[in-house]
Amino acid sequence: MEQLLRTELRTATLRAFGSPGAGYISQGHAYDTDAGPVFVKVNHKTQARQMFEGEMASLEALRSTGLVRVPRPIKVIDLPKGGAAFVMEHLKMKSLNRQASKLGEQMADLHLYNQKLREKLKEKENTVGCRAEDAGCQYVSKFGFHTVTFCGFIQQVNDWQDDWPTFFTRHRLQAQLDLIEKDYADREARELWSKLQVKIPDMFHGLEIVPALLHGDLWAGNVAENNEEPIVYDPACFYGHSEFELAISLMFGGFPKSFFTAYHKKLPKAPGFDRRQLLYQLFNYLNHWNHFGLEYRRPSLGTMHKLLT
């Protein structure tokens, strides 16, 4: 492994530091190199390269906005005995605390970024003598992403859709429930879903949703800070509804209140926000059911019952 890293990174120096980290999905190692410290994630699953390529594309998308601090991705490397390693910039991090408010502001700016591109594009199109193709068209008009990503070890289909409720229902909720059907054949989940899916479009009635670039898995374990700024990592990006991002931020430990205060100061809650948060939390409970087993069956079904009342 170390010789492979020396060769791929073209470094004479490769000195491990810190303690290896064993996450649920991948293992982590930190090294000093000629070009500075790096963090290496290692995964031996057959889909590891695809998983890391999705993460690399996500980090690049977030970095391109200049709005949030993420580790700089460096390289995905195939391992001789199967699996892959993902090399990225090593950042010194501590738990999110003092920088929570700043992170709230930054995430709101990130979620508004594509909308502001649309506004700039419209201004240029309305300028005499300026054609749309000359306007630096970076605005993303659909929901999805240009490559597959993984939330945990589950592959997410990000095929582009014009309509957000269709994208979310098909590629997020239905995909998770298909896995539950395959592994558990849960009759109650099946029956509740047949009733719930027809009600989902009504939850978005009268709402204009502009595709927003999302981190995609913004829970407390994927954020941190240093002395200067907040840091986010382990993204599973796609263009979706900004509210989707917040659901998991309220779950599994949650974020400080100052995060949400700062966020909603820039991006106020739209009518029906709380009910849609339940819907988005359902995705996260289902995803945890598929990752961690039956302990998440009860909150998954309970959330479906709440949405049907």
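These figures come from a predicted structure and were not determined experimentally.

**Comments concerning the overall build of the protein**
Phase 1 of the analysis: Counting secondary structure elements, the protein contains nine helices and 11 strands.
Phase 2 of the analysis: Compactness check: the protein gives a C-alpha radius of gyration of 21 Å against a globular reference of 19 Å for 309 residues, within 12% of the reference.
Phase 3 of the analysis: Each principal axis of the C-alpha atoms in the protein carries an extent, and together these give about 60 × 60 × 35 Å.
Phase 4 of the analysis: Per-residue burial for the protein yields a buried fraction of 50% across its 309 residues.
Phase 5 of the analysis: Within the protein, contacts between residues at least 6 apart in sequence are counted, and of these 65% link residues at least 24 apart.

**Things to note about the pairing of strand β4 (residues 73-78)**
Phase 1 of the analysis: Across five bridges, the pairing between β4 and strand β5 (residues 84-89) is antiparallel. Bridge pairing in β5 links Pro73 to Met88.
Phase 2 of the analysis: With antiparallel pairing between neighbouring strands as the criterion, β4 and β5 make up a hairpin whose turn holds five residues, including Gly82 at a positive phi of roughly 105 degrees.

**Some words on the packing of helix α3 (residues 100-125) against helix α7 (residues 257-266)**
Helix packing for two helices is described by the angle between their axes and how far apart those axes are.
Phase 1 of the analysis: The geometry of α3 relative to α7 is characterised by a closest axis approach of 7 Å and an angle of 35 degrees between their N-to-C directions. Both α3 and α7 take part in a crossing whose hand is right-handed. Counted together, Ala100, Ser101, Leu103, Gly104, Glu105, Met107, Ala108, Asp109, His111 and Leu112 of α3 and Ser258, Phe259, Ala262, Tyr263 and Lys266 of α7 form the full contact between these two elements.

**Some remarks on the pattern of salt bridges**
Phase 1 of the analysis: Scanning all chains against the criterion turns up 16 salt bridges.
Phase 2 of the analysis: A salt bridge links Glu8 to Lys75, with the nearest nitrogen and oxygen atoms 2.7 Å apart. Of this pair, Glu8 sits in helix α1 (residues 2-9) while Lys75 sits in strand β4, and the two are 67 residues apart along the sequence.
Phase 3 of the analysis: By relative accessible area, Glu8 is classed as partly exposed at 28%.

**A closer look at the side chain of Thr11**
Phase 1 of the analysis: Looking at the element boundaries, Thr11 is found in the loop between α1 and β1 (14-22).
Phase 2 of the analysis: Residue classification places Thr11 among the buried positions, given a relative accessible area of 8%.
Phase 3 of the analysis: For Thr11, the side chain forms a polar contact with the main-chain nitrogen of Asp34, separated by 2.9 Å.
Phase 4 of the analysis: Those residues in contact with Thr11 that lie beyond four places of it in its chain are Leu5, Arg6, Thr33 and Asp34.

**Comments concerning the packing of aromatic side chains**
Phase 1 of the analysis: Taken as a whole and judged by the stated rule, the model has 23 aromatic pairs.
Phase 2 of the analysis: Aromatic pair Phe204 and Tyr280: ring centres 6.5 Å apart, planes at 50 degrees, arrangement tilted. With a gap of 76 residues between them, Phe204 in the loop between α5 (187-196) and β8 (212-214) and Tyr280 in helix α8 (residues 273-292) connect regions that are remote in the sequence. An identical accessibility class is assigned to Phe204 and Tyr280; each is buried.
Phase 3 of the analysis: Geometrically, the ring pair formed by Phe259 and Phe260 is edge-to-face, given 5.0 Å between the ring centres and 90 degrees between the ring planes. Here the two residues Phe259 and Phe260 agree in accessibility, since each one is buried.
Phase 4 of the analysis: In textbook terms, an aromatic cluster arises when at least three aromatic residues are bridged by ring pairs, as seen for Phe143, Trp164, Phe167, Phe168, Phe204, Phe238, Phe244, Tyr280 and Phe283.
Phase 5 of the analysis: We note Lys45 situated over the ring of Phe153; from NZ or CZ to the ring centre the distance is 5.6 Å.
Phase 6 of the analysis: Its guanidinium or amino end placed over the ring of Phe238, Arg172 lies 4.3 Å from that ring's centre, counting from NZ or CZ.

**Here we look at unusual backbone geometry**
Phase 1 of the analysis: Positive phi, close to 45 degrees, is recorded for Ala185, a residue that is not glycine.
Phase 2 of the analysis: If you trace the backbone, Ala185 turns up in the loop between α4 (164-184) and α5.

**Digging into the domain arrangement of the protein**
Phase 1 of the analysis: Under the domain assignment, the protein is made up of domain 1 (1-90) and domain 2 (95-308).
Phase 2 of the analysis: Placing the centre of domain 1 and that of domain 2 at their C-alpha centroids yields a distance of 26 Å.
Phase 3 of the analysis: The interface is formed by 21 residues belonging to domain 1 together with 27 residues belonging to domain 2.
Phase 4 of the analysis: For the pair domain 1 and domain 2, the summed buried area comes to about 1900 Å², and 72% of that belongs to carbon and sulfur atoms.
Phase 5 of the analysis: Counting across the domain 1 and domain 2 interface gives two salt bridges.

About the thresholds
Residues numbered from 1 in each chain as written. Predicted model: local features only at pLDDT ≥ 70, side-chain atom pairs only at ≥ 80, totals over all residues. Heavy atoms only, no water. Helix = DSSP H or I, 4+ residues; strand = E, 2+ residues; numbered from the N terminus. Rg over C-alpha atoms; globule rule 2.2 N^0.38 Å. Buried < 20%, exposed > 50% of the residue type's maximum accessible area, 1.4 Å probe, protein only. Contact = heavy atoms within 4.5 Å. Pairing = 2+ DSSP bridges. Axes fitted to C-alpha atoms, helices over the stretch in contact; angles between N-to-C directions. Left-handed = near helix turned anticlockwise from the far one by under 90°. Salt bridge = Lys/Arg side-chain N within 4 Å of Asp/Glu carboxyl O. Polar contact = N/O pair within 3.5 Å; in protein donor to acceptor, adjacent residues only side chain to side chain. Phe/Tyr/Trp six-rings, centres within 6.5 Å; stacked < 30°, edge-to-face > 60°. Lys NZ or Arg CZ within 6 Å of the ring centre and 35° of its normal. Domains from an automatic or database assignment. Buried area = accessible area lost by both parts, 1.4 Å probe.

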